[in-house]
Amino acid sequence: MKHRLIRLPVQLLVALINAMAVLLIVACVLVIVVLNRVDTASERITAEVTGAALARLQITPAAFKSRLDSLEGQIATLSAQLADPDLGNRGDLTRQLVELNGNLSGIRQAAKGLGAAGPQITATAFEQAGDLLTRALFALRGCAPVSGPDTPSS
């Protein structure tokens, strides 16, 4: 009987270590699940923000990229012409500078429009995050099936 009582604290310690190991494993699995959900939510929020920004500019992503590429080409051409000391055609250079200035002012106006859309974008991001959190909590509680990112919530 005494021998059993002496082994009891050691067995209790082993049981506590086993329980802690199980809890640690469960916590790691939950962290992985939450990180996956956060990653999915960030992808959706990024898509929403990009879509809202491009809708605000009333331009397609391909057209936006081509405009940026053309601006980059214009800047490179002007830089090369300005670096040339034997610049002969100043009228053409002036025209290109005026055109580039117009393009840059258009980008400035677009940036102001995107700045004005900031509150709407923030509201959309918080709405998406709130919906994700609500669905995750209901799923963890067992009240609703786990829905994927493409499944609409009810």
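Heads up: these notes are all about the structure in this document. (Residues numbered from 1 in each chain as written. Predicted model: local features only at pLDDT ≥ 70, side-chain atom pairs only at ≥ 80, totals over all residues. Heavy atoms only, no water.)

**Some words on the overall build of the chain**
Rule in force here: Helix numbering and strand numbering both begin at the N terminus, where a helix is a DSSP run of H or I of at least 4 residues and a strand a DSSP run of E of at least 2. Each residue gets one of three labels from its accessible area relative to the maximum for its type: buried under 20%, exposed over 50%, partly exposed in between, using a 1.4 Å probe on protein chains only. What makes two residues a contact is simply this: any of their non-hydrogen atoms within 4.5 Å. The protein chains shown are the only cover counted for residues, whose accessible areas, like all others here, come from Shrake-Rupley with a 1.4 Å probe.
If you tally the helices and strands in the chain, you get 4 helices and 0 strands. The helix and strand sequence of the chain, counted from the amino end, reads α-α-α-α. Across the 154 residues in the chain, those meeting the buried criterion constitute 12%. For the chain, long-range pairs separated by at least 24 residues make up 62% of all intrachain contacts whose partners lie at least 6 apart in sequence. For the chain, the computed accessible surface area is about 11800 Å², with 67% contributed by carbon and sulfur atoms.

**Quick word on helix H1 (residues 2-57)**
Counted only if it meets this: Expected span of a helix, by definition, is 1.5 Å for each gap between consecutive residues, and there is one gap fewer than residues.
Over its 56 residues, H1 extends 82 Å from the first C-alpha to the last, a length consistent with the 82 Å expected when each residue adds 1.5 Å. Of all the residues in H1, the buried ones are Thr40, Ala41, Arg44, Ala53 and Leu54. Immediately beyond the C-terminal end of H1, within one or two residues, lies Gln58, with a positive phi of roughly 55 degrees.

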